Amino acid sequence: MKLMETKLMENVSRPVSRRGFLHAALVSGAFVLSARFVPEPLWAAEGEAPAPPFEPSLWMLIAPDGTVTIVAHRSEMGCGSRTALPLVITDELDADWSKVRVDQAIGDPRYGDQDTDGSHSVRSYFDLMRQVGATGRVMLISAAAAQWGVPPKDCTTEPHFVVHRASGRKLGYGDVAAAAAKLPVPKKEDVPLKPRAEWRYIGKESNSLFDLPEIVTGKAIFGMDATMPGMVYASVEHPPVLGQKIKSYDDKAALKVAGVQKTVAIDTFKPPHQFQPLGGVAVIADNTWAAFKGRKSLKVEWESSPHAVYNSAPFRKTLEATSREPGKVVRNVGDVDAAFAKGGKIIEAEYYTPHLAHASMEPPVAVAEYRDGKVLAWAPTQNPQAVQETIAGVLGIKKEDVTCHVTLLGGGFGRKSKPDQVAEAAVLSKQLGKPVKVVWTREDDIQFDFFHSVAAMYMKAAVGPDGKPTAWLQRTVYPPIGSTFSTEAKYADDEMGLGWNNLPFDIPNHRAENGPADFHVRIGWLRSVANIYHAFAIHSFADELAKAANKDSVQYLLELIGPPRIVNLDLKGDEAEDAKNYPLDTARLRRVVEIAAEKSNWAKRSMNMGKGRGMGIAVHRSFLTYVATVVEAEVDAKGQVHIPGVWTAVDAGTIVSPDNIRNQFEGAAVFGTSLALFGEITATNGVIDQSNFHNYQITRMNRAPRQVEVHIVKSEAPPAGVGEPGLPPFAPALCNAVFAATGKRVRELPLSKTKLV
Amino acid sequence: MIRFKVNGKEKTFDGDPDMPLLWYLRDVAELTGTKFGCGIALCGACTVHQNGAAIRSCSTAMKEISGAEITTIEGIAPMHPVQKAWMEIRVPQCGYCQTGQIMQAIALLKENKNPSDQEIDTAMSGNLCRCGTYQRIRAAIHQAAKETA
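Analysis parameters
- Residues numbered from 1 in each chain as written.
- Chains lettered and ligands numbered in written order.
- Predicted model: local features only at pLDDT ≥ 70, side-chain atom pairs only at ≥ 80, totals over all residues.
- Helix = DSSP H or I, 4+ residues; strand = E, 2+ residues; numbered from the N terminus.
- Rg over C-alpha atoms; globule rule 2.2 N^0.38 Å.
- Contact = placed C-beta atoms within 7 Å.
- Buried ≥ 20, exposed ≤ 12 C-beta atoms within 10 Å, placed from the backbone.
- Pairing = 2+ DSSP bridges.
- Axes fitted to C-alpha atoms, helices over the stretch in contact; angles between N-to-C directions.
- Nonpolar A, V, L, I, M, F, W, Y, C, P; charged D, E, K, R; others polar.
- Core = buried A, V, L, I, M, F, W, Y, C linked by C-beta atoms within 7 Å.
- Domains from an automatic or database assignment.
- Parallel < 35°, antiparallel > 145°, perpendicular 65-115°, else oblique.
- Left-handed = near helix turned anticlockwise from the far one by under 90°.
- Expected span 1.5 Å × (residues − 1).
- pLDDT = per-residue confidence, 0-100.

**Things to note about the overall build of chain B**
Broken down by element type, chain B carries five helices and five strands. When the helices and strands of chain B are placed in sequence order, the string is β-β-α-β-β-β-α-α-α-α. For 149 residues, the compact-globule estimate of 2.2 N^0.38 gives 15 Å, and chain B sits close to it at 15 Å. Reported as C-alpha extents along the three principal axes, the dimensions of chain B are approximately 45 × 30 × 25 Å. Excluding contacts between residues fewer than 6 apart, the proportion of contacts in chain B whose partners are at least 24 apart in sequence is 65%.

Written out as structure tokens, the structure reads:
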């Protein structure tokens, strides 16, 4: 394996070879911080021995010239984890960031979980990264102290130097790296972590993305830019309906196109589809354009598929009918039925949200080479280990024989956790005997996505004389993500923690339910996932109750949340573990509501905005981060919605890069605008109706919020997510603002479906 | 044979005259700073300059650039005031669309030394950013305008 890889690596022209770099560094006597202090559970999960001695470093090394190389094991798709985690190591190592380079990890279970999703890169790895850096610092101090013949306790560090306090003598990290490398790795209890007050990078405004200079000069290497010498280009005509197989195809005209070499059929997956290739006919060509052009001349006839029954309008009716019937109970507090039976004022509402496509600016793309039973791939993937597993499964080889290098991702939003296009490249390479680059068109991207699910929600409340609910029933129905992994999955068990089984309101009787649904397209995670429709239903409904009670929306929301407390959630498994470490704290929830209201000047402005203008609010905790958003909406004479301002308050616990967090939440407001104003994917007879940015619009600068203010709550709580949590409160806050502006309640997205004037 | 210049260098092309400039730049000239986003001039990720004006290279055929001077992001000497402003405002998230945004912004500032918000919106609304960095793009253009004033 090693030989082949080395050979292949020599062939890869542009992206840097981590192995090659490490090898060079090792030979030159670098200090390599061994993998030995990766926590036991990470090893235990794989049941494998620690890293072999020829490549002992997982996380960092220091070269004799002082250059520190830190390995980023999570993918960079724009959320900043490739910068944040190395910054944490740098801080505890007391290194100088300007002397740090970041090297991207290949897919390898020794890094633990590399699936860069769920907004948990910093949350899950903050403590470990601190420990890695701090351990290195202790070893460098020991090495310098030995050289000086003084006790290590008499030494300290300043960025990139060990300092002997009494004499003021200094040794650079590079100067003691080789000696430090020979020392035993100290035990965790002998490694002090910096007090927060001494952090130089964690939480500092000066942090900026490691890749920023390469990005603005066009030198950054995305998946679209990866190449292998001798590679051919492929564009794949996929079955229009999920699961269709090729009946026959005619490639005569395609083969006449200049630059087209041949066509290759790819088998349609065996259900469940998981991340397997969809199947279809690949056009192989000398360059991307020839492959695209040749594909236009292909004639393919497809077998039938059971999913050809998929039509969005009747499917919606089915979902809505299911939402009106009792479903699986996922949380129960008190007795909702008894409370409803008592009568009083009953309020009901139904909400609907359509499928969405991710539409990352970089469409799916990958380059792979199959040789001698092994695969080397370069891909913009959120999950290189899934690349290994998927390719191994499809080709019947061992996953250890699949090497996946990760480029920068031109956006991910969850789409790039699913590596079907990488598997396509590997399958084609095996057939062709040469490296293959598969490039999806935008049309492929939108029509063959793993779609954000379509959802119907039914809400019912009994309201007391004070306007507060005495009972609250919520039911949600949608094809679950589980259907991607099991054709039998009908209930969204894995999505209930995404804003459905954890309503933070102070209501004595509450029940949350989930009804069954079939799938007809591939369903997958999209930035904040089920939180999008769950928060839309819950916070639109909360606002409906506020208005029914004739109360101010912010005041009413605070009443709903109730007094500061830890909300008792009867959770199991990972969610229970999260709840232990990250209890749902209504004091933090209230605080973000209060800050968003204060910063937007809600009390003064929201009441007197005049015709066609209004403010709305929503608060939602997701990925363990508390977020409240106030949106100001302006509805013009044509019924078009404009967004003059957005104010978001965020409590994400301990943070690493504040300006990046503001950028994430500014971006979430734009992403939220896209799904609220335009986002809709529909199907006709199993075929997706949309294809490119003309009929699947995403927000342009002229429709984006004019001004987004992000206020970060100072907190020493453990770090929580930042990539996704900005999204869920946005659409309901906007629709609540539209109600304030027009008196029209928006109960389905996109809101262009609702006539506003 | 089509003759033209890319980043000041003489080039010739005798392949498919319908090939979009984008794919010539990326696959033939190996200038990958220019990105593929939509293929039909709806997203601006492929923006380059033809004789100084911003064009969408995905929808400009090779036969249309005969005699033209093409400038890509690689032909912009760093750090151009626009790139500098992009760094200072810390515009990018994923970064994929940003070379197209920068090329569009450079062309805008060449025509209009001090654009208003409205003028920036008009010039930049053909360039999509799925990460949603528009607010920072606007701020960076204002800053670059100040810098070059």
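There is more to say after this.
**Some remarks on the overall build of chain A**
Secondary structure summary: chain A contains 21 helices and 27 strands in total. Taken over 757 residues, chain A has a buried fraction of 58%.

**Quick notes on the sheet that holds strand S3 (residues 47-50) of chain B**
Residue and element names in this part refer to chain B. If you walk across this open sheet you meet the five strands as S2-S1-S5-S3-S4, and the pairing is mixed. Looking at the sheet topology across the chains shown, the edges are occupied by strand S2 (9-13) and strand S4 (53-56). Along the sheet, successive strands turn relative to each other by an average axial angle of 40°, direction set aside. Pairing of S3 with strand S5 (residues 69-71), which is carried by two bridges, proceeds in the antiparallel orientation.

**Topic: the interface of chain A and chain B**
Many descriptions give the size of an interface as the accessible area lost when the pieces come together. Of the residues lining the interface, 48 residues belong to chain A; the matching set on chain B comes to 44 residues. Those elements that place two or more of their residues in the side of chain A that touches chain B are helix H7 (212-217), helix H9 (288-296) and helix H20 (658-677) of chain A. Per-element accounting of the side of chain A that touches chain B gives the leading share, seven residues, to H20(A). Here the residues of the side of chain A that touches chain B sort into 23 nonpolar, 17 polar and eight charged.

**A closer look at the nonpolar core**
Residue and element names in this part refer to chain A. The biggest cluster of nonpolar side chains holds 281 residues, and the ones touching the most others in it are Ala 234, Ala 368, Ala 377, Val 592, Leu 734 and Val 738. A total of eleven residues in this core trace back to one element, the largest contributor, which is helix H5 (residues 121-148). Ignoring sequence-local partners within four residues, the contact set of Leu 734 consists of Gly 616, Val 631, Ala 633, Ile 643 and Ala 676.

**A look at the domain arrangement of chain B**
All names here are of chain B. By the assigned domains, chain B splits into domain 1 (2-75) and domain 2 (81-148). A straight line from the C-alpha centre of domain 1 to that of domain 2 covers 21 Å. The interface of domain 1 with domain 2 comprises 15 residues on the first partner and twelve residues on the second. Ranked by residue count, the leading element in the side of domain 1 that touches domain 2 is S3, at three residues. Across the side of domain 1 that touches domain 2, the residue classes tally to seven nonpolar, seven polar and one charged.

**Quick look at the packing of helix H12 (residues 384-395) of chain A against helix H13 (residues 420-432) of chain A**
Residue and element names in this part refer to chain A. One way to put it is that H12 packs onto H13 with a least axis distance of 9 Å and a crossing angle of 40°. Our classification of the angle between H12 and H13 gives oblique. Considering only the axes of H12 and H13, their crossing is right-handed. Contacts from Val 387, Thr 390, Ile 391, Val 394 and Leu 395 of H12 reach H13 at Val 422, Ala 423, Ala 426, Val 427 and Lys 430. Its residues placed into classes, the contact of H12 with H13 shows eight nonpolar, one polar and one charged.

**Thoughts on the domain arrangement of chain A**
All names here are of chain A. Under the domain assignment used here, chain A contains domain 1 (2-217), domain 2 (223-305 + 364-439) and domain 3 (324-356 + 450-753). Here the element with the most residues in the side of domain 1 that touches domain 2 is helix H1 (residues 2-11); it accounts for four residues. For the side of domain 1 that touches domain 2, the class distribution of residues is seven nonpolar, eight polar and six charged.

**Side note on H12(A)**
Residues and elements named next belong to chain A. Compared with the 16 Å implied by 1.5 Å per residue over twelve residues, the 16 Å span of H12 between its first and last C-alpha is a close match. The secondary structure elements touched by the buried residues of H12 are strand S16 (374-379), strand S17 (402-406) and H13. Directly after H12, the chain includes Gly 396, whose backbone phi takes a positive value near 70°.

**Digging into the environment of A:Gly343**
All names here are of chain A. Along the polypeptide, Gly 343 turns up in the loop between helix H11 (336-341) and strand S14 (345-353). The exposed category is assigned to Gly 343, around which 8 C-beta atoms lie within 10 Å. For the pair formed by Gly 343 and Ala 462, sequence separation is 119 residues and the distance between their alpha carbons is 7.5 Å.

**A word on the sheet that holds S16(A)**
Residues and elements named next belong to chain A. With mixed pairing, seven strands are arranged side by side in an open sheet as S10-S11-S8-S18-S15-S16-S17. Whereas interior strands pair on both sides, the edge strands pair on one side only; in this sheet they are strand S10 (260-266) and S17. Mean inter-strand twist for the sheet, computed between neighbouring axes without regard to direction, equals 25°. Alignment of strand S8 (residues 232-237) against strand S11 (residues 280-285), held across five bridges, turns out to be antiparallel. Bridge pairing links Ala 234 to Ile 284 in S11. Here H12 sits on the sheet and contacts S16 and S17; the angle it forms with S17, its principal contact strand, is near 145°.

**Considerations on unusual backbone geometry**
Cis geometry marks the peptide bond from A:Pro271 to A:Pro272; its omega dihedral reads -5°. Locating A:Pro272 in the fold gives a position in the loop between S10 and S11. A:Leu749 connects to A:Pro750 through a cis peptide bond whose omega is -5°. Here A:Pro750 lies in the segment after helix H21 (730-742). One non-glycine residue, B:Glu30, lies in the positive phi region at around 55°.

**Let's talk about the pairing of strand S12 (residues 299-302) of chain A**
All names here are of chain A. Because side chains alternate across S12, one face comprises the buried residues Val 300 and Trp 302, and the other comprises Lys 299 and Glu 301, none of which is buried. With four bridges joining them, strand S9 (residues 246-250) and S12 adopt antiparallel strand pairing. Paired with Tyr 249 across the bridge in S12 is Val 300.

**Some details on the packing of helix H15 (residues 531-548) of chain A against H21(A)**
Residue and element names in this part refer to chain A. With their axes 8 Å apart at the nearest point, H15 and H21 run at an angle of 30° to one another. With respect to each other, H15 and H21 are oriented roughly parallel. Classified by chirality, the crossing of H21 by H15 is right-handed. Packed against H15, whose contacting residues are Ala 535, Phe 536, His 539, Ser 540 and Asp 543, the element H21 presents Ala 731, Pro 732, Cys 735, Asn 736 and Phe 739 at the interface. Its residues placed into classes, the contact of H15 with H21 shows six nonpolar, three polar and one charged.

**Structural notes on the environment of A:Trp472**
All names here are of chain A. Within the secondary structure, Trp 472 is located in strand S20 (residues 469-477). For Trp 472, a count of 28 C-beta atoms within 10 Å translates into the label buried. For Trp 472 and Ile 595, which are 123 residues apart along the polypeptide, the C-alpha to C-alpha distance reads 27 Å. Aside from chain neighbours lying at most four places away, what touches Trp 472 is Ala 461, Phe 505, Ile 507 and His 510.

**Thoughts on the environment of A:Asn509**
All names here are of chain A. Note on placement: Asn 509 falls in strand S21 (residues 509-515). In this structure, the C-alpha to C-alpha distance between Asn 509 and Ser 297, residues 212 residues apart in sequence, is 62 Å. If we ignore the near neighbours within four places in the chain, the residues touching Asn 509 are Val 333, Gly 334, Asp 335, Val 336, Ala 339, Thr 470 and Ala 471.

**A few points about the confidence of the model for chain B**
Here chain B averages 97 in pLDDT, while 100% of its residues score no lower than 70. Taken together, the chains of this predicted complex give a pTM of 0.94 and an interface ipTM of 0.99.

**A few points about helix H5 (residues 134-148) of chain B**
The end-to-end C-alpha distance of H5(B), which contains 15 residues, comes to 21 Å, matching closely the 21 Å that a straight helix rising 1.5 Å per residue would cover. Among the residues of H5(B), those classed as buried are B:Tyr134, B:Gln135, B:Arg136, B:Ile137, B:Arg138, B:Ala140, B:Ile141, B:Ala144 and B:Ala145. On its buried side, H5(B) packs onto H20 and strand S27 (708-712) of chain A together with helix H2 (81-89), helix H3 (98-111) and helix H4 (117-124) of chain B.

**Observations concerning the confidence of the model for chain A**
All names here are of chain A. Scored by pLDDT, chain A has a mean of 92; 92% of the residues are at 70 or more. For the stretch residues 1-28, pLDDT sits under 50, and the model shows 45 contacts to residues farther than four places along the chain or on other chains. The low-confidence segment residues 34-56 (pLDDT under 50) makes 29 contacts with residues lying over four places distant or belonging to another chain.

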